[in-house]
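Architecture and fold: a report
Chain residues, written in single-letter form:
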Amino acid sequence: MSIKTVGVIGAGTMGNGIAQTCAVAGIDVVMVDISDAAVQKGLATIGGSLDRLIKKEKLTEAQKAAALSHIKTSTSYDDLKAAQLVIEAATENYELKLKILKQVDALVAPEVIIASNTSSISITKLAAATGRADKFIGMHFFNPVPMMALVEIIRGLQTSDATHDTVQALAKELGKSPITVKNAPGFVVNRILVPMINEAFFVLADGLATAEDIDAGMKLGCNQPIGPLALADMIGLDVCLAVTEVYLSEFGDSKYRPCPLLKEMVAAGRLGRKTGRGVYIY
């Protein structure tokens, strides 16, 4: 199946990034959120992102105009009926995602593929809540979506080969480099990344080095572009903690126990960049 129109549910950071990526690739997008203010904010964010690309001479004014012409905003799920693929990019909350997915499943045509941009929730479990489990898949983009090449394509137990192949082809059409992943907590990247971040907090709590030196060590010694503690601030310490707790619960392995310092910082409201203070002050 050829994907000509993509529906994106959520105009926040991930949703507007996915919409922008599709639009720049010449694919029509319907970006839906709960209020006109939310979708207009998402559209403004896309405009600002495209302007930055123009300043870097990676995009022209004409290309910006062409991209924006491919984006339609809406507060009604009815407008998703034109899409061949609907990507849910709502907040990482199982009950919320379930509610949205059931609504979309009941609305769009039987042949439409539904994808979730979840970073940790079981694709198999989400698929089972729909009437099209074979046409349900995970499509995990990375932030910032327009810049990051990776997309994890997660197959639930029920996902068909045709669904996988269609979504993989679309990811490549978007200029991404997809990897195929089996369904499991954290999939591949976050399964490795979040425990590393958690261990960096243990190192910090043990007083082995300062936060600055821990990050410098990983940048210079492992060729990482950003240290694990600075990355935790960017992701959100609350998100890191929540994912770690999911691993501990799902795997039942004590190696995933969250660092007490991480838990304490979250309890104190020091969540990273979004609150102005985490490991570092912003």
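Residues numbered from 1 in each chain as written. Predicted model: local features only at pLDDT ≥ 70, side-chain atom pairs only at ≥ 80, totals over all residues. Heavy atoms only, no water.

**Thoughts on the sheet that holds strand 8 (residues 177-182)**
As a reminder of what qualifies: Here, a strand pair is defined by DSSP locating no fewer than two bridges between the strands. The way it works is that DSSP assigns letters per residue, a run of H or I at least four long becomes a helix, a run of E at least two long becomes a strand, and they are numbered from the N terminus. Only the contacting stretch of a helix is used when fitting its axis, a line to C-alpha atoms as for every element, and angles between N-to-C directions run 0 to 180 degrees. Residue contacts are defined here by distance: any two heavy atoms, one from each residue, within 4.5 Å place the two residues in contact.
Strand order in this open sheet of eight strands is 3-2-1-4-5-6-7-8, and the pairing throughout is mixed. Edge strands, defined here as strands with exactly one partner in the open sheet, are strand 3 (71-74) and strand 8. Each neighbouring strand pair of the sheet contributes to a mean axis angle of 25°, computed without reference to strand direction. In this structure, strand 6 (residues 136-141) lies alongside strand 7 (residues 150-155), joined through four bridges in antiparallel fashion. What sits directly across from Phe141, in strand 7, is Val151. Sheet strands in contact with helix 1 (residues 13-24) are strand 1 (5-9), strand 2 (28-32), strand 3, strand 4 (85-88) and strand 6, and its direction is about 165° off that of strand 2. Across the sheet, helix 2 (residues 36-55) touches strand 2 and strand 3, and the angle it forms with strand 3 is around 155°.

**Here's the deal with the pairing of strand 8**
Where we set the bar: A right-handed crossover is one whose linking path, passing over the helix from the first strand to the second, runs clockwise when the strands point away from the viewer.
In this sheet, strand 8 lies alongside strand 7 in parallel orientation, the contact comprising six bridges. In the sheet register, Ile153 faces strand 8, and the bridge partner there is Thr180. Viewed along the sheet, the connection from strand 7 through helix 6 (residues 161-173) into strand 8 turns out right-handed.

**Points about the packing of aromatic side chains**
Worth spelling out the cut-off: Centre distance within 6.5 Å is the pairing criterion for rings of Phe, Tyr and Trp, where only the six-membered ring of Trp is used; planes under 30 degrees apart are then read as stacked, over 60 as edge-to-face, and the remainder as tilted. For a lysine, the NZ atom is tested; for an arginine, the CZ atom; a charge sits over a ring if that atom is within 6 Å of the ring centre and within 35 degrees of the ring normal.
Following the criterion strictly, the structure yields three aromatic pairs and no others. Its guanidinium or amino end placed over the ring of Tyr94, Lys125 lies 4.5 Å from that ring's centre, counting from NZ or CZ.

**A closer look at the pattern of salt bridges**
Our working definition: A pair is scored as a salt bridge if a Lys or Arg side-chain nitrogen falls within 4 Å of a carboxyl oxygen belonging to Asp or Glu. A 1.4 Å probe rolled over the protein chains alone gives each residue an accessible area, and that area as a share of the maximum for its type sets the label: buried under 20%, exposed over 50%, partly exposed in between.
Per the stated rule, a full pass over the model turns up eight salt bridges. Where Lys97 meets Glu88, a salt bridge forms, and the shortest distance between an N and an O atom there is 2.4 Å. By relative accessible area, which is 0% here, Lys97 ends up buried. Among the ionic pairs, Arg155 bridges to Asp161, the shortest N-O distance being 2.7 Å. Residues participating in the shared-partner salt-bridge network are Glu88, Glu92 and Lys97.

**Some words on unusual backbone geometry**
Cis geometry marks the peptide bond from Asn143 to Pro144, where omega comes out at 0°. Relative to the elements of secondary structure, Pro144 occurs in the loop between strand 6 and strand 7. Even without being glycine, Glu57 reaches a positive phi, approximately 60°. Its place among the elements puts Glu57 in the loop between helix 2 and helix 3 (61-69).

**Side note on helix 11 (residues 260-267)**
The cut-off we apply is this: It is the directions from the helix axis to the C-beta atoms that the arc portrays.
All of the buried residues along helix 11 are Leu262, Met265 and Val266. In an axial view of helix 11, the angular spread of the buried residues amounts to 100°, which keeps them on one side of the axis. Projecting away from the buried face of helix 11 at angles above 90 degrees are the exposed residues Pro260, Glu264 and Ala267. Looking at the buried residues of helix 11, the elements they touch are helix 7 (189-205) and helix 10 (237-251). Downstream of helix 11 by one or two residues, Gly269 has phi in the positive range, about 80°.

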